[in-house]
Every structure is written in structure tokens, then in C-alpha cells.
Amino acid sequence: MKTNFDLSFNGRYFLVLIILCFSLFNLYSQNYSNDSIYLKRTGINNLKFFKNDKAVKWSEIRRLSKGNDEAEYHLKKIDNLGIIASINAIIAGLAVGFGSGNLSNGNSTIPIVILTAAGIVCLGDIIYVDGIMREHMKSIAKSLNNKKSN
């Protein structure tokens, strides 16, 4: 009796590869507990803390960080960088808006061009500060998960 399940030589290797990938994915997902806190991208450029597939508010992160010196250090750094980013956002918005408005009306004097350039530099600084804040967020997640495992 002949079966209809005759695979070619390459088909067998492909089937083994699929089974191996599926097994490795299951092993990888079992290494992370549901109680661990992790970062997840929720928008184009937005990271949030998650636990058990639910977003964790900053107030909860602050509560969990009490007594964890490393997490508190990174939270303080994020607070300070948030103030810097807010000031940069106000300056960049005003400078780019006012400068580009004047440039579009034909007023291309040197101070207007410098004002627009300063606003663009502030926008670049916001992106840089955001990257630093993301690294601090990753450090917070690591320190909170390490404290749970200890």
C-alpha cells in the first residue's frame, strides 16, 4: 500500500526546519515569566512598559521601584531628561514655526535663518534625549526583573 506522504529530500529538510523553529520559539517563550516587566513598541516611536500583556502605568513602575536603588536612579534620570525634552520641544516648536513662517513669506534675513536652524538643532536634540530615555527605560525593566528573581 502506497501512502500519499512522500516528501522529496528538500521537503524533509524544510519540515525539520519548521519543527525546529516552532520548538525553539516555544522554548524561548517559556524563559520569560508572565510576571516579568518588558518594553513593547506601541506606536511608530513609542515604548511602554508591559506586564502580562497589559500596559503598566508609570505610577505602578514608580511603586515597584521603591527600594530598588538602580531603578530609582534611572527613574530620576528619566524625570530630569523629561524636563530637558519639554524645554527643547517648546523652543524647537517656536523657533521652527516662527522661522519657517517668515521664510515662507520671503523674509530670509540672517537672524530668521539662524532661528530656524536653531529650532532644527533642538529637534535633533529631542531625538537624542529620547534615545537616552529609552536606554534608561530598558535598565529599569532589567533591574525590576532582576529584583524579582533574587
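Since this is a predicted model, take the numbers as computed values, not measurements.

Concerning the overall build of the chain
- When you go through the chain residue by residue, the secondary structure sums to four helices and three strands.
- A total of 150 residues make up the chain; the buried ones form 22% of that total.
- Here the contacts in the chain between residues at least 6 apart in sequence split such that 54% fall between residues at least 24 apart.

What about the packing of helix α2 (residues 58-65) against helix α3 (residues 69-104)?
- Their axes nearest at 9 Å, the elements α2 and α3 cross at an angle of 140°. Read as a crossing pair, α2 and α3 show a hand that is left-handed. For the pair α2 and α3, contact is made by Trp 58, Ile 61, Arg 62 and Ser 65 and by Ala 71, Glu 72, Leu 75, Ile 78 and Asp 79, respectively.
- Class assignment of the residues belonging to the contact of α2 with α3 gives a composition of five nonpolar, one polar and three charged.

Some points on unusual backbone geometry
- The phi torsion at Asn 52 lies on the positive side, around 55°, for a residue other than glycine.
- Considering the arrangement of structural elements, one finds Asn 52 in the loop between β2 (47-51) and β3 (54-55).
- The class of Asn 52 is partly exposed, set by a relative accessible area of 39%.
- Positive phi, close to 60°, is recorded for Asp 53, a residue that is not glycine.
- Relative to the helices and strands, Asp 53 is located in the loop between β2 and β3.

Examining a nonpolar patch on the surface
- A surface patch of nonpolar side chains, amounting to about 280 Å² of accessible area, comprises Ile 83, Ile 87 and Ile 91.
- Positionally, Ile 83 belongs in helix α3.
- The exposed category is assigned to Ile 83, whose relative accessible area is 52%.

What to know about the pattern of salt bridges
- Within the structure shown, the criterion is met by four salt bridges.
- Here Arg 62 makes a salt bridge to Asp 79, at a shortest N to O gap of 2.7 Å. With Arg 62 in helix α2 and Asp 79 in helix α3, this residue pair connects regions lying 17 residues apart in the sequence.
- We note a salt bridge from Lys 138 to Glu 135, for which the minimum N-O separation is 3.5 Å.

Digging into the packing of aromatic side chains
- Scanning the entire structure with this criterion turns up two aromatic pairs.
- Each ring, one from Tyr 38 and one from Phe 50, has its centre 6.2 Å from the other, and the planes form 20°; the classification is stacked. Of this pair, Tyr 38 sits in strand β1 (residues 38-41) while Phe 50 sits in strand β2; the two residues are twelve residues apart in sequence, bridging distant segments of the chain.
- In this structure, Lys 40 packs its charged tip against the face of Phe 50, placed 5.0 Å from the ring centre.

Notes on the pairing of β2
- In terms of strand pairing, β1 meets β2 through four bridges, oriented antiparallel. The partner of Arg 41 across the bridge, within β2, is Leu 47.
- Here β1 folds back onto β2, and the loop between the two strands holds five residues.
- When β2 meets β3, the two strands line up antiparallel, connected through two bridges. The residue of β3 that forms the bridge with Phe 50 is Ala 55.
- If you look at the hairpin formed by β2 and β3, you'll find two residues sitting between the two strands, and Asn 52 has a positive phi there, around 55°.

Procedures and definitions
Here the residue numbers are simple positions, counted from 1 along each chain's written sequence. Whole-chain, interface and lining totals are the exception, using all residues; otherwise, since this is a predicted model, local features are given only for residues with pLDDT of at least 70 and side-chain atom pairs are given and counted only at 80 or more. In computing side-chain properties, one takes all heavy atoms of the structure into account and sets aside hydrogens as well as water. A run of H or I in DSSP counts as a helix once it spans at least four residues, and a run of E counts as a strand once it spans at least two, with each numbered from the N terminus. Burial classes follow relative accessibility: with a 1.4 Å probe on protein chains only, a residue under 20% of its type's maximum area counts as buried, one over 50% as exposed, and anything between as partly exposed. Note on contacts: a residue pair is in contact if any heavy atoms of the two residues lie within 4.5 Å. The axes used here are C-alpha line fits, helices contributing only the stretch in contact, and every angle between their N-to-C directions lies in the interval 0 to 180 degrees. Crossing handedness: left-handed means the near helix sits turned counterclockwise from the far one by under a right angle, and right-handed means the same turn made clockwise. Classification used: nonpolar for Ala, Val, Leu, Ile, Met, Phe, Trp, Tyr, Cys and Pro, charged for Asp, Glu, Lys and Arg, polar for all others including Gly. Patches here: salt-bridge-free residues with over 30% relative accessible area, like charges joined within 9 Å, nonpolar side chains (Val, Leu, Ile, Met, Phe, Trp, Tyr) joined within 5 Å. Surface exposure here means Shrake-Rupley accessible area, sampled with a 1.4 Å probe, where a residue is shielded only by the protein chains that are shown. Put simply, a salt bridge is a Lys or Arg side-chain nitrogen that is within 4 Å of an Asp or Glu carboxyl oxygen. The rule is short: rings of Phe, Tyr and Trp, with Trp giving its six-membered ring, pair when the centres are within 6.5 Å, and they are stacked under 30 degrees, edge-to-face over 60, tilted in between. Definition used: whenever NZ (Lys) or CZ (Arg) falls within 6 Å of the ring centre and also within 35 degrees of the ring normal, the charge is taken to sit over that ring. At least two bridges found by DSSP between two strands is the condition for calling them paired.

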